[in-house]
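As a plain string of letters, each chain reads:
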Amino acid sequence: MIKDLLSRLIQPEPAPLGDTDARMALTALLVRVARSDNQYSGDEKTRIDEITQARYGISASDASALRIEAEEMEAEAPDTVRFTRAIKDAVAYDDRLAVIEALWKVVLADGKREKEEDALLRLVANLLGVSDRDSALARQRVAP
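Residues numbered from 1 in each chain as written. Predicted model: local features only at pLDDT ≥ 70, side-chain atom pairs only at ≥ 80, totals over all residues. Heavy atoms only, no water.

### So, the overall build of the protein
Within the protein, the regular secondary structure consists of eight helices and zero strands. Seen in sequence order, the protein has helices and strands lined up from the N terminus as α-α-α-α-α-α-α-α. Taking all 144 residues of the protein together, 47% fall into the buried category. The contacts in the protein between residues at least 6 apart in sequence include a share of 76% that link residues at least 24 apart. (Helix = DSSP H or I, 4+ residues; strand = E, 2+ residues; numbered from the N terminus. Buried < 20%, exposed > 50% of the residue type's maximum accessible area, 1.4 Å probe, protein only. Contact = heavy atoms within 4.5 Å.)

### Details of helix H2 (residues 19–35)
A rise of 1.5 Å per residue sets the reference length of H2, with its 17 residues, at 24 Å; its end C-alpha atoms lie 24 Å apart and thus fit the reference within 8%. With 13 of 17 residues buried, H2 lies mostly within the body of the structure. (Expected span 1.5 Å × (residues − 1).)

### Quick word on helix H4 (residues 60–76)
For H4, which comprises 17 residues, the first-to-last C-alpha distance of 25 Å matches the rise-based estimate of 24 Å (1.5 Å per residue) to within 8%. The complete set of buried residues in H4 reads Ala63, Leu66, Arg67, Ala70, Glu71, Met73 and Glu74.

### Observations regarding the packing of H2 against helix H7 (residues 115–127)
At a closest axis distance of 8 Å, the pairing of H2 and H7 adopts a crossing angle of 145°. Judged by residue contacts, Leu29, Arg32, Val33 and Ala34 of H2 engage Glu117, Leu120, Leu121 and Val124 from H7. Here the residues of the contact of H2 with H7 are counted per class, giving six nonpolar, no polar and two charged. (Axes fitted to C-alpha atoms, helices over the stretch in contact; angles between N-to-C directions. Nonpolar A, V, L, I, M, F, W, Y, C, P; charged D, E, K, R; others polar.)

### Quick notes on empty space enclosed by the protein
Within the structure shown, the criterion is met by one cavity of 30 Å³ or more. Of the volumes computed, that of the largest cavity is approximately 50 Å³. Lining the largest cavity are Leu26, Thr27, Leu30, Ile51, Thr52, Arg55, Tyr56, Val99 and Ala102. For the lining of the largest cavity, the secondary structure elements donating two or more residues are H2, helix H3 (42–56) and helix H6 (93–107). Here the element with the most residues in the lining of the largest cavity is H3; it accounts for four residues. (1 Å grid on protein atoms, 1.4 Å probe; cavity = no way out; pocket = protein on both sides within 12 Å on 5 of 7 lines; lining within 4 Å. Points joined across faces, edges and corners; volume = space filled by probe spheres on them.)

### Some words on the confidence of the model for the protein
Looking at the protein as a whole, its pLDDT mean stands at 85, while 89% of the residues score no less than 70. Per-element confidence in the protein is highest for H4, whose mean pLDDT is 94, and lowest for helix H1 (residues 2–9), whose mean pLDDT is 68. (pLDDT = per-residue confidence, 0-100.)

### Focus: the pattern of salt bridges
Inspection of every chain in the model, using the stated rule, returns nine salt bridges. Among the salt bridges present, the one from Arg67 reaches Glu71, with a minimum N-O distance of 2.9 Å. Note that Arg67 and Glu71 are positioned in helix H4 at a spacing of four residues, about one turn of the helix. Across this residue pair, the class does not change: Arg67 and Glu71 are buried. A salt bridge links Arg113 to Asp118, with the shortest nitrogen-to-oxygen separation between them at 3.1 Å. Assessed through its relative accessible area of 13%, Asp118 is described here as buried. Residues participating in the shared-partner salt-bridge network are Arg32, Arg35 and Glu74. (Salt bridge = Lys/Arg side-chain N within 4 Å of Asp/Glu carboxyl O.)

Below, the structure is given as structure tokens:
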């Protein structure tokens, strides 16, 4: 399933993703940002689970299972530029903006903003077609 989704995502013109595939791709993006500082903590995993639980209305165990599968997908996904651009082409803007909010929640989960996470989030927001201003406003909405 993961290899099939990845191959569909990196097509020159990917088709819009169905709900299940969009969940997987967006959760994998959360994992990628969380791993960007080489400190993928329990707090970040918990935050990803909380985000997917709330966003998709799923149980805690389903959220955990989704994250574990997304961790595998993230490890196999192409470079961040191609992966994120593919998501941009396959996911509606409102969903991408909500993903930026979720990404900020993950970045802020451990109480620190590492420069690697900030840099990757700026890149991801740009590649998703979300302006720096909208990203900053998203960060402000979710900051503790």
